[in-house]
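# Structure at a glance
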Amino acid sequence: MTFPYSTLMVQGTTSDAGKSTVVAALCRLLKRRGVRVAPFKPQNMALNSAVTTDGGEIGRAQALQAIAAGLQPHTDMNPILLKPSSDIGAQVIIHGKVRAEMNARDYHQYKTVAMQAVLESHDRLLKQYDSVVVEGAGSPAEINLRDRDIANMGFAEKVDCPVILVADIDRGGVFAHIVGTLACLSESERKRTIGFVINRFRGDIKLLEPGLDWLEQQTGKPVLAVLPYLHGLFLDAEDAVQPVQAERGAFRVVVPSLPRMSNHTDFDALRAHPDVDLRFVRQGEPIPPADLIILPGSKNTRGDLEWLRAQGWPAQIQRHLRYGGKVIGVCGGFQMLGREVTDPLGMEGQAGVSPALGLLDMRTEMSPDKRLVQVQGTCAFDHAQAPVAGYEIHMGVSTGSALARPAFFIDGRPEGALSDDGQILGTYLHGLFDTPQAISALLHWAGLHSDNTVDTSALREASLDRIADATQPLLDALIALK
């Protein structure tokens, strides 16, 4: 089969309209039909990222879409990644490598340079694949960002590709979202919008049909597909955090929802475990009792340390440990477990030194060199040496006597730290729960004795197949439209 679009762009009326899943579904459907397809997102702003085979980092959603297409993630799939470090500033990553720390105004001026990187990556993908399915960012109707836009219609206009517009009916106001978005576009942008996708529909389609007819009459454009609301999907989130899962097992795991938390997808396997009750605790919420506290990754370790103190977490962690609880620190959370975190060059904000939680004898210094690597190894705390795999994304270098007792052996080297009393584990390894043997070993160490386990890879593949099956009407409509 041939797909009649060399480049097709999926934009949304709002953030979280379902662009990422529609792109992933189309990639999976085209792969099934033998089309060589690649995902692409010109610019992504997210704190969830993945390490690529070429040693860079891209948005987590594009890594998921690559899996859907049967590919290894590559930096060309997301040439511009912005990782916010404050309300007005972000780390700018181009082709997988840190280029600079910029405030919003400076980056807006920089977009003409960034667009060249975007076009280079898109051109390389076109030369390797039959089709490129592109995900927009946010909404194309953000008038204040129209100038120098590289994420939505600015890119579509530059490469002259058709656009489909996705809207989330579950939130309400779907017709206003679509008509209002079109009203904010230029004439040429409206012309290249070839149709609409209404996402997350549940109910009787007959009740929706009068609205679909009205929409087509008002806009002169077809509704290409109405996609169902699918429950129980296991797919990597781009940024949004679900604070509380549907209550499951009796083993309570609590994670502080840090303001600059990164890679919260580390905990997806715990959320899926039938014996685990995973909770993210937000600002101002009481800290519930737990069997295991996990300090997550952070894009601003010192700033998030101050947030932890303001929320009363240090005293709660000390009390938790006194009563025999376990603590894990991942990446930035690992750095917080030490005695201090120094940032002499201001890599994550204002330069300076911050006292850490003092639970491990180590110190961390931020440096401009970012470690980006996919890794595998074994659990040092487990007698069976359970295999573990994941990736490292961090700028800090940690030193101290705590590292003499590692938590893992990664590619033949000691990694992380385990406290002398065995209650505290720290690591730079993201994805540490994703290997079935590793999640079992870590939960056993934390006090959960269960024969149940979770295979995140199998859950992810099953979910990709589910969204692809549900999206088949869209693919059929796209082919018929051409």
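Description of the structure in this document. From a predicted model like this one, the values you see are computed outputs, not experimental measurements. All residue numbers refer to positions counted from 1 along the written sequence of the respective chain. Since the coordinates come from a predicted model, pLDDT governs what is reported: local features require at least 70, and pairs of side-chain atoms require 80 or more to be given and counted, while whole-chain, interface and lining totals use all residues. Working from all heavy atoms in the structure, the side-chain values ignore hydrogens and water.

### Some points on the overall build of the protein
Rules: Helix numbering and strand numbering both begin at the N terminus, where a helix is a DSSP run of H or I of at least 4 residues and a strand a DSSP run of E of at least 2. Taken over C-alpha atoms, the radius of gyration is set against a globule rule of 2.2 Å times the number of residues to the power 0.38. Throughout this description, buried means an accessible area under 20% of the type-specific maximum (1.4 Å probe, protein chains only), exposed means over 50%, and partly exposed covers the range between. What makes two residues a contact is simply this: any of their non-hydrogen atoms within 4.5 Å.
Looking only at helices and strands, the protein features 13 helices and 26 strands. At 23 Å, the protein has a C-alpha radius of gyration in line with the 23 Å of a compact globule built from 482 residues. Along the longest, intermediate and shortest principal axes, the C-alpha atoms of the protein span 70 × 45 × 40 Å. Across the 482 residues of the protein, 58% fall into the buried class. Across the protein, contacts joining residues at least 24 apart in sequence account for 73% of those joining residues at least 6 apart.

### So, the environment of Q116
Mapped onto the secondary structure, Q116 falls in helix α3 (residues 104-128). Residue classification places Q116 among the partly exposed positions, given a relative accessible area of 44%.

### Topic: the nonpolar core
The nonpolar side chains of soluble globular proteins are, as a tendency, buried together. Counted only if it meets this: Residues enter a nonpolar core if they are buried and are Ala, Val, Leu, Ile, Met, Phe, Trp, Tyr or Cys, with the set joined through side-chain atoms within 4.5 Å.
Ranked by size, the top nonpolar core spans 66 residues in total, and within it L270, I294, F408 and F433 carry the most contacts. With seven residues, the top contributor of residues to this core is helix α12 (residues 436-446). Listed in part, the 39 residues of the second largest apolar core include A38, L82, L185 and L212.

### Re the packing of aromatic side chains
Stated precisely, the cut-off is as follows: Between rings of Phe, Tyr and Trp, where Trp is taken as its six-membered ring, a pair exists when centres lie within 6.5 Å; planes separated by under 30 degrees are stacked, by over 60 edge-to-face, and by other angles tilted. Each ring is checked for a lysine NZ or an arginine CZ that lies within 6 Å of its centre and within 35 degrees of its normal; such an atom marks a charge sitting over the ring.
Throughout the structure, instances matching the rule amount to eight aromatic pairs. Their ring planes at 55° and their centres at 6.3 Å tell us that F381 and W445 sit as a pair that is tilted. Taken together, the residues span a long stretch of sequence, with F381 in the loop between β21 (363-379) and β22 (387-399) and W445 in helix α12 at a distance of 64 residues. Here the aromatic cluster, defined as three or more aromatic residues joined through ring pairs, consists of F381, F408 and W445. Note that R202 overlies the ring of Y229, its terminal NZ or CZ placed 3.9 Å from the centroid. Taking NZ or CZ as reference, K326 lies 4.6 Å from the ring centre of W445, over its face.

### Describing the sheet that holds strand β13 (residues 251-256)
Keep this limit in mind: Here a strand pair is declared whenever DSSP counts at least two bridges between the two strands.
Overall, mixed pairing links the six strands, which are arranged β15-β13-β16-β18-β26-β25 in an open sheet. Among the strands making up the open sheet, the edge pair consists of β15 (276-281) and β25 (417-418). Looking at chain direction, strand β16 (residues 292-295) and strand β18 (residues 326-330) are connected through four bridges and run parallel. Note that in β18 the partner of I293 across the bridge is V327.

In short, geometric facts, not functional conclusions.
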